[in-house]
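Tertiary structure, described
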Amino acid sequence: MIAIGERINGMFTDVKQAIVDKNPRPIVELAHRQTEAGASYLDINVGTAAADQESVIKWLVETVQAAVETPLCLDSQKPAVIRAGLAVCDTSRGVLLNSSPLSKKSDPEVLSKYVAMALESKGSLITLTMNAEGVPQNVDRRVEMAAEILTKCLELGLTPDRLFVDPIILPVNVPGAQQQPTSILAAIDQIKLMSDPSPHITMGLSNLSQGTAQRSLINRTFLAMAIGHGCDSAIVDVLDTALVDVVATAEMLMNKQIYSDSFLKAYRSISGAQR
Amino acid sequence: MPLPPLQEAYSGQVHAITLGGGTRKTTVTIGGAKTVVYGGPREACGAKPAIAIDVLDAAPEEWPPVLAQAYGNVLGDPAAWAKKAVEELGADLVCVRFDGIHPDKGNRGADHAVAVTEKVLKAVGVPLILWGCGNDEKDNAVMPKVSQAAKGEKAVLASVTQDNYRSLTATALADGHFLVAQAPLDINIAKQVNIFVSDMGFPLDRLIMFQTTGALGYGMEYVYSVQERERLAALAGDKLMALPVVCDVGSEAWRAKEAKASADEAPAWGDAARRGPIWEATTAIALLQSGVDLVRLRHPSAVATVKAYVESLWS
């Protein structure tokens with residue numbers, strides 16, 4: 001499982017405060033804790049704390065990469081912010097760019113820009129199955145967009161092993177959204193068949209349980225289901241021990257890890273980057 | 001739509017380890033494969049498999065005549081036996097098997113085992129494998145002293161199991177040796193033993209895995225598929241399984257009636273003098289094809305056949 005640690009995000013109040021105060025300590029601590037919990041990448045998202053997002057992402061990247069060796073996942077919907085982060089990022093450790101839709105009303109060529117940055121930094125790219133019209137409501141449209149994304153990436157030279165497709169999970173308690181989890185699973189099945197090797201499948205898991213009771217339970221149950229369909233990555237709270245246990249168990253049941261009585265421990269002993 | 005490049009990319013590899021140090025005149029590197037067995041470019045195949053010849057600490061009582069005759073009068077003299085194994089037969093390593101300390105096979109003590117170890121160390125310059133008798137209590141009492149006698153020689157100490165690993169692991173750690181982690185033809189237990197041993201602070205890159213070996217006709221196919229899975233797990237990046245592998249071919253092959261039956265017992269099976277070594281060599285070659293890095297052999301003809309096979313593939 002390529003686990004992307006979600007916590008260094010300006011949407012969280014502790015991170016937001018740290019950004020406002022320019023206080024590296026909470027950021028460094030989150031970097032260490034997520035790394036120890038087995039994160040393969042650390043997501044870096046400036047959120048809404050500051051007006052100058054480009055200088056904030058630079059500060060976050062420099063702060064985190066000085067503290068830990070874990071590769072970073074630069075997270076912004078603005079290409080300029082990603083570019084600013086890349087300018088100071090040690091990409092020799094690997095880097096993941098998060099994320100680009102197929103197209104945007106304000107920027108029809110947004111995907112090409114992200115692919116170019118991924119190629120330049122020898123990194124990987126998360127793409128979203130949405131376009132200028134928004135998030136599709138059904139299986140077929142999701143699959144169709146994934147195919148368009150894959151084709152575009154191949155044309156530009158980004159191979160499927162460096163491409164992550166995020167089929168976009170909406171909160172399950174949003175009116176009309178409760179059929180989405182099954183649509184996503186059906187879409188994953190088809191996306192996995194598009195190429196060999198297939199693109200990675202990732203998802204912003206915590207979004208599923210926004211505003212619900214039993215957030216962790218909903219997250220980990222759906223993650224187990226998605227792993228069963230070929231999902232091999234997620235942007236998650238790696239500090240949620242019960243969730244990591246579910247990942248270890250699901251992957252063992254999928255025959256990705258050889259069983260031993262200490263399989264939970266064995267899963268954690270393999271550092272995130274090697275998964 | 002352009003075609004993406006087809007490539008087999010493995011994220012992991014088997015550790016390469018170099019056995020032998022201290023007063024040893026040669027070292028032997030095993031492991032290092034980055035691909036499936038004979039499945040990729042030559043440089044990805046890792047080190048050439050190594051051959052260890054068994055030398056018993058005391059003259060064996062139950063060896064079939066074909067095997068015993070091949071060694072003649074060195075059988076009761078481990079130093080001379082080891083010399084013959086290295087100088088005449090070309091062993092990469094000598095495996096001293098301490099059968100003679102087993103309660104049922106002479107019950108010899110630590111003094112005997114230490115003396116044998118010292119003599120063999122003097123007699124030959126190749127790295128040693130020091131293999132206990134398989135009786136936990138006796139091995140725990142004797143093998144730590146054997147280990148100390150070879151301290152600094154970077155020998156291979158065998159073997160630890162799921163139920164008996166603490167004493168030998170601590171000894172091997174203290175004396176700078178490699179360690180054989182044994183599992184009863186069970187990949188899950190193999191992983192568990194590796195976890196137990198590494199939890200004691202023993203570095204994974206000093207471990208060698210051992211699945212109790214079956215012979216051709218006696219469950220070898222299970223060994224074969226376990227070895228295959230171990231290699232695939234290593235290539236997939238499972239650090240706990242990325243260890244070189246040893247097989248005990250000699251003693252297993254010569255337990256088979258097809259190997260040891262005399263011409264009188266089985267007249268239709270052909271010349272006993274050729275049949276046994278062929279059985280042993282065939283078992284070894286099949287296991288090498290499943291990804292084994294180190295084989296323990298006994299009969300000189302089997303050693304010659306397996307050596308020729310390895311050379312023909314690796315030269």
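Before reading further, recall that the structure is shown in the block above.
Now for a description of the structure that goes with this document.

Rules used throughout
- Residues numbered from 1 in each chain as written.
- Chains lettered and ligands numbered in written order.
- Predicted model: local features only at pLDDT ≥ 70, side-chain atom pairs only at ≥ 80, totals over all residues.
- Helix = DSSP H or I, 4+ residues; strand = E, 2+ residues; numbered from the N terminus.
- Rg over C-alpha atoms; globule rule 2.2 N^0.38 Å.
- Buried ≥ 20, exposed ≤ 12 C-beta atoms within 10 Å, placed from the backbone.
- Contact = placed C-beta atoms within 7 Å.
- Pairing = 2+ DSSP bridges.
- Axes fitted to C-alpha atoms, helices over the stretch in contact; angles between N-to-C directions.
- Nonpolar A, V, L, I, M, F, W, Y, C, P; charged D, E, K, R; others polar.
- Expected span 1.5 Å × (residues − 1).
- Left-handed = near helix turned anticlockwise from the far one by under 90°.

Let's talk about the overall build of chain A
Each helix and strand in chain A was counted, giving ten helices and eight strands. What you see for chain A is a C-alpha radius of gyration of 18 Å, in line with the 19 Å of a compact globule of 275 residues. Referenced to the eigenvectors of the C-alpha coordinate spread, the extents of chain A come out at roughly 50 × 45 × 40 Å. Taken over 275 residues, chain A has a buried fraction of 47%. Partitioning the intrachain contacts of chain A with sequence separation of at least 6 by distance along the chain shows that 70% fall at a separation of at least 24.

Regarding the overall build of chain B
Helix and strand counts for chain B come out as eleven helices and ten strands. A compact globule built from 315 residues would reach a C-alpha radius of gyration of about 20 Å, and chain B, at 19 Å, matches this within 12%. Taken along its principal axes, the extent of the C-alpha atoms in chain B is 75 × 50 × 35 Å. Looking at chain B as a whole, 50% of its 315 residues are labelled buried. Taking the intrachain contacts of chain B between residues at least 6 apart in sequence as the baseline, contacts between residues at least 24 apart amount to 69%.

With respect to the sheet that holds strand 5 (residues 128-131) of chain B
All names here are of chain B. In space, the eight strands of this closed barrel follow the order 3-4-5-6-7-8-9-10, with parallel pairing throughout. Between one strand and the next, the sheet's axes are offset by a mean angle of 30°, whatever the strand orientation. Both strand 8 (residues 207-211) and strand 9 (residues 245-248) contribute to a ladder of two bridges, which runs parallel. Across the sheet, Phe210 pairs through a bridge with Val246, a residue of strand 9. Along the sheet, helix 3 (residues 110-123) contacts strand 3 (50-56), strand 4 (93-97) and strand 5; its crossing angle with strand 4, the most-contacted strand, is approximately 165°.

Digging into the interface of chain A and chain B
Taken residue by residue, the interface counts 17 residues in chain A and 15 residues in chain B. When residues of the side of chain A that touches chain B are traced back to their parent elements, those giving at least two are helix 6 (139-156) and helix 10 (263-269) of chain A. Residues of the side of chain A that touches chain B, tallied by class, amount to six nonpolar, eight polar and three charged.

What to know about helix 10 (residues 272-288) of chain B
Compared with the 24 Å implied by 1.5 Å per residue over 17 residues, the 24 Å span of helix 10 of chain B between its first and last C-alpha is a close match. Every buried residue of helix 10 of chain B is accounted for by Ala272, Gly276, Pro277, Trp279, Glu280, Ala281, Thr282, Thr283, Ala284, Leu287 and Leu288 of chain B.

Observations concerning the sheet that holds strand 4 (residues 95-101) of chain A
Residues and elements named next belong to chain A. Strand order in the open sheet made by the eight strands is 7-6-5-4-3-2-1-8, with parallel pairing throughout. In the strand order of this sheet, the two ends are held by strand 7 (200-201) and strand 8 (233-236), each with one partner. Strand direction decides the pairing type here: strand 4 and strand 5 (residues 124-128), joined by five bridges, are parallel. What sits directly across from Ser100, in strand 5, is Thr127.

Re the packing of helix 10 of chain B against helix 11 (residues 300-314) of chain B
All names here are of chain B. Contact geometry for helix 10 and helix 11: axes closest at 8 Å, N-to-C directions at 35°. The two elements helix 10 and helix 11 cross, and the hand of that crossing is right-handed. Contact residues: helix 10 offers Pro277, Glu280, Ala281, Ala284 and Ile285, while helix 11 offers Ser301, Ala302, Thr305, Val306 and Tyr309.

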